[in-house]
Amino acid sequence: MTTYTIPEFSTDRLLLRAPKLADLPRVTEFFASERSHIVGGPLNAREASRAMMQIYGMWALRGHSFWYIADKATDIFLGWTGIINGPAWDEPELGWTVVEEAEGKSIAFEAATAARAYAATQLGYDGVISYIAPQNSRSATLAKRLGASFEREGELLGHDVHVYRHPKVGAAA
Amino acid sequence: MGHRDIPELVSNRLVLKAPLPEDYPDFKATFTSFRARFMGGPLNPYESWMLYAAEIGHWEIRGFGMWMIHDKLTDETYGMAGGWQPAGWPEREIAWIIWPDKAGKGYALEATECVRRHAYHDLGWDTAVSYIDPMNLDSIRLAERLGCIKDKDAPSIDGTDAVYRHPTLSQLRDTQLGHGIDMEISHYADPLFKPKGWALD
């Protein structure tokens, strides 16, 4: 039987790991908030649980997906980051999302840096793109801080997006 | 129990296995078609892919989920059947979907009965329901052939679906109902038992 394993690893402050059922209340809370509009929300509890289930399924279907970002000390859910390449995607994308409490602490930067390095060295995705909504200036700022640069305007699932291109990091990591 | 631990279930003509990436094209063909109209579809390619991912992920979250239905001899896939309970589901559901061009051969009946047997005997479930769109006559008919009775008192998912309650293990064990279901499954190749007059897809 074919199966899949979700790799887990940590950074200074964070653990990048598989989703857990214990994360669901916080995931549901995030998707209920207006903050989630950038990732298809707001969603109800049922849809939020499906979003969690999809993360597992993408690992099975593609061999890559998102990790949940957890606080290394408390294991509390802080967001997710990783590689997604669904139908309608031009190519593999590095994505990141953090809950409000994790904002302004460089958590998304730390997690996305680690995920990008892992994807480049372990999964074979280097020099990937990130889709960023034109109005999402925080994410655009983070993309630039990660060394990515604006490449073109694009479209994803009916939304206008900006495509940022990350530098190749495989050799450096 | 997660995806890697999914047991294989065997019935007369079928083997139920873990849903795998290579099985996805048939799933997509069904869920992007009119066939999916009672299950939130037709879906676009992105939605269909994400739903398939969720079907796999359900195993990790709940420890049970949907199996891929294969022909025992040819390994061809016919649809999916299994247990389903994402957040917000009032209770554990037994669900099924058959690819449109494989319907009418009793595969859903055989596979779903096999899943129910496993749920009762191996997972220790004492009851289960199926949530069905009231306009989905094919599925209501199948639920009735499985011995289900409409449970008007049980909570539905969102008020638009009908709740069909499955018979318990004791209602199936060595009873007329149980024997009748076994007999229909064992004789399904006989066209005499083919339901007539339902939707053509």
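Quick caveat: nothing in here was measured; it's all calculated off a predicted structure.

S.K.: Tell me about the overall build of chain B, residues and numbers included.
M.R.: The helix and strand inventory of chain B stands at six helices and eight strands. Along chain B, helices (α) and strands (β) appear in the sequence β-β-α-α-β-β-β-α-β-α-β-β-α-α when read from the amino end. Its C-alpha atoms give chain B a radius of gyration of 16 Å, near enough to 17 Å, the size a compact globule of 201 residues would have. Seen through its C-alpha atoms, chain B measures out along the principal axes to roughly 45 × 35 × 35 Å. Counting across all 201 residues of chain B, residues that qualify as buried make up 40%. In chain B, 58% of the contacts between residues at least 6 apart in sequence involve partners at least 24 apart.

S.K.: Break down the interface of chain A and chain B for me, citing the residues and quoting the values.
M.R.: Contacts between chain A and chain B engage 24 residues on the former and 22 residues on the latter. Top contributing element to the side of chain A that touches chain B by residue count: helix H2 (residues 45-62) of chain A, with 14 residues. The class makeup of the residues in the side of chain A that touches chain B is 16 nonpolar, six polar and two charged.

S.K.: How would you summarise helix H1 (residues 24-31) of chain B if you had to cite specific residues and measurements?
M.R.: Residues and elements named next belong to chain B. Looking at H1, one finds that the buried residues are Phe27, Thr30 and Phe31. Taken end-on, H1 shows its buried residues confined to a sector of 90°, consistent with a single buried face. Where H1 is buried, its residues touch helix H2 (45-62) and strand S5 (93-98).

S.K.: Provide a residue-level description of unusual backbone geometry, including the pertinent values.
M.R.: Backbone phi values are negative for most residues with the exception of glycine, while trans is the configuration of most peptide bonds. Following A:Gly41, the chain continues to A:Pro42 via a peptide bond in cis, the omega torsion being -10°. Following the sequence through the fold, A:Pro42 ends up in the loop between helix H1 (24-32) and H2. Looking along the chain, the bond that leaves B:Gly41 and enters B:Pro42 is cis, with omega of -5°. Tracing the sequence through the fold places B:Pro42 in the loop between H1 and H2. For A:Asp75, which is not glycine, the phi torsion reads 70° and is therefore positive. You can see A:Asp75 is positioned in the loop between strand S3 (66-71) and strand S4 (77-84). Despite not being glycine, A:Ala88 shows a phi value in the positive range, around 90°. Its 13 C-beta neighbours within 10 Å are what place A:Ala88 among the partly exposed residues.

S.K.: How would you summarise the environment of B:Glu22 if you had to cite specific residues and measurements?
M.R.: Residues and elements named next belong to chain B. Looking at the element boundaries, Glu22 is found in the loop between strand S2 (14-17) and H1. Glu22 gets classed as exposed once you count the C-beta atoms within 10 Å, which come to 11. Along the sequence, Glu22 and His70 sit 48 residues apart, while their C-alpha atoms lie 13 Å from each other.

S.K.: So, the confidence of the model for chain B: which residues are in play, and what are the values?
M.R.: Per-residue confidence for chain B gives a mean pLDDT of 92; residues scoring 70 or more make up 94%. On the interface metric, ipTM, the complex scores 0.89, and its pTM is 0.91.

S.K.: Account for the packing of helix H3 (residues 107-121) of chain B against helix H6 (residues 176-186) of chain B, with residues named and values stated.
M.R.: Residue and element names in this part refer to chain B. Interaxial distance between H3 and H6 falls to 9 Å at its minimum, and their mutual angle equals 135°. By the angle between their axes, H3 is oblique relative to H6. Crossing of H3 against H6: the hand is left-handed. Here Leu109, Glu110 and Glu113 of H3 come into contact with H6, specifically with Ile181, Glu184 and Ile185. Grouping the constituent residues of the contact of H3 with H6 by class yields three nonpolar, no polar and three charged.

About the criteria used
- Residues numbered from 1 in each chain as written.
- Chains lettered and ligands numbered in written order.
- Predicted model: local features only at pLDDT ≥ 70, side-chain atom pairs only at ≥ 80, totals over all residues.
- Helix = DSSP H or I, 4+ residues; strand = E, 2+ residues; numbered from the N terminus.
- Rg over C-alpha atoms; globule rule 2.2 N^0.38 Å.
- Buried ≥ 20, exposed ≤ 12 C-beta atoms within 10 Å, placed from the backbone.
- Contact = placed C-beta atoms within 7 Å.
- Nonpolar A, V, L, I, M, F, W, Y, C, P; charged D, E, K, R; others polar.
- Arc of directions from axis to C-beta.
- pLDDT = per-residue confidence, 0-100.
- Axes fitted to C-alpha atoms, helices over the stretch in contact; angles between N-to-C directions.
- Parallel < 35°, antiparallel > 145°, perpendicular 65-115°, else oblique.
- Left-handed = near helix turned anticlockwise from the far one by under 90°.

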